[in-house]
Amino acid sequence: VRLVESGGDLVRPGGSLTLSCTVSGATIAWINDMAWHRQVPGEVREFVAVISSSGSTNYSASVEGRFTVSRDDAKNTAILQMADLKPEDMGVYYCAADVKEFGVMWSHYYWGQGTQVTVSS
């Protein structure tokens, strides 16, 4: 199973950016939660948003109302739409997915390699 994020970029404060995460692998049976986290050097990785297989969402208080998470199950893709970006939103954004694989009893949480978001004027 492999997760690949894309869309990270340099954006001005108040700007918008959309991140994508695609999950691939021949053994995937289905994907449960898909989540986004972010990390700043020297700090712990923090939760940003999650979307369940039924489409229910949850956000950290710091991004609520500005970020929107969605998913396209036909493409095994999660999308994070970010608006009104602030300097404190800067960091490496990681995608994570709870994947159930064929022949494996339990689902497993996989991580992508991250994509850099820089918010600066």
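Quantities reported herein were computed from a predicted structural model and do not represent experimental measurements.

Cut-offs used in this document
The residue count restarts for each chain, going from 1 along the sequence in the order it is written. The predicted nature of this model means local features are confined to residues of pLDDT at least 70 and side-chain atom pairs, given and counted, to a pLDDT of 80 or more, with totals for whole chains, interfaces and linings taken over all residues. To obtain the side-chain values, all non-hydrogen atoms of the structure were used and water was disregarded. Here, strands pair whenever DSSP counts at least two bridges between them. Put simply, DSSP marks the helices as runs of H or I at least four residues long and the strands as runs of E at least two long, and each gets a number from the N terminus on. Convention adopted: a line fitted to C-alpha atoms gives each axis, helices being fitted over their contacting stretch, and angles between N-to-C directions are expressed from 0 to 180 degrees. The term disulfide is used for any two cysteine sulfur atoms that are within 2.5 Å. Burial status follows relative accessibility: with a 1.4 Å probe on protein chains alone, a residue under 20% of its type maximum counts as buried, one over 50% as exposed, and anything between as partly exposed. Contacts are assigned to residue pairs with any non-hydrogen atoms lying within 4.5 Å of each other.

Draft legend 1. Broad picture of the pairing of strand 4 (residues 28-39). In this sheet, strand 9 (residues 91-101) lies alongside strand 4 in antiparallel orientation, the contact comprising nine bridges. In the strand pairing of strand 9, Trp30 is matched with Lys100. Where strand 4 and strand 5 (residues 46-51) come together, five bridges link them in antiparallel fashion. Opposite Met34, over in strand 5, you have Ile51 as the bridge partner. Hairpin connection from strand 4 to strand 5: six residues lie between these consecutive antiparallel strands, with Gly42 at a positive phi of about 85°.

Draft legend 2. Quick look at the sheet that holds strand 1 (residues 2-6). What the four strands build is an open sheet, ordered 1-3-8-7; its pairing is antiparallel. Each of the sheet's edge strands pairs with one partner strand only, and the pair in question is strand 1 and strand 7 (67-72). Shown here is a sheet whose adjacent strand axes are inclined to one another by a mean of 15°, direction ignored.

Draft legend 3. Region of interest: the state of the cysteines. Inspection of every chain in the model, using the stated rule, returns one disulfide. Here Cys21 connects covalently by a disulfide to Cys95, the sulfurs 2.1 Å from one another. Taking the torsion about the S-S bond as the criterion, the Cys21 to Cys95 disulfide, at about -80°, is left-handed. Here Cys21, found in strand 3 (residues 17-24), pairs with Cys95, found in strand 9; they are 74 residues apart in sequence, far enough to count as distant. Each of the two residues, Cys21 as well as Cys95, counts as buried.

Draft legend 4. Expanded view of the environment of Val117. Secondary-structure assignment places Val117 in strand 11 (residues 115-119). It is 11 Å that separates the C-alpha atoms of Val117 and Arg12, two residues lying 105 residues apart in sequence. If sequence neighbours within four positions are ignored, Val117 has contacts with Gly8, Asp9, Leu17, Leu19, Met82, Asp89, Met90, Gly91 and Tyr93.

Function cannot be inferred from these measures alone, as they are strictly geometric.
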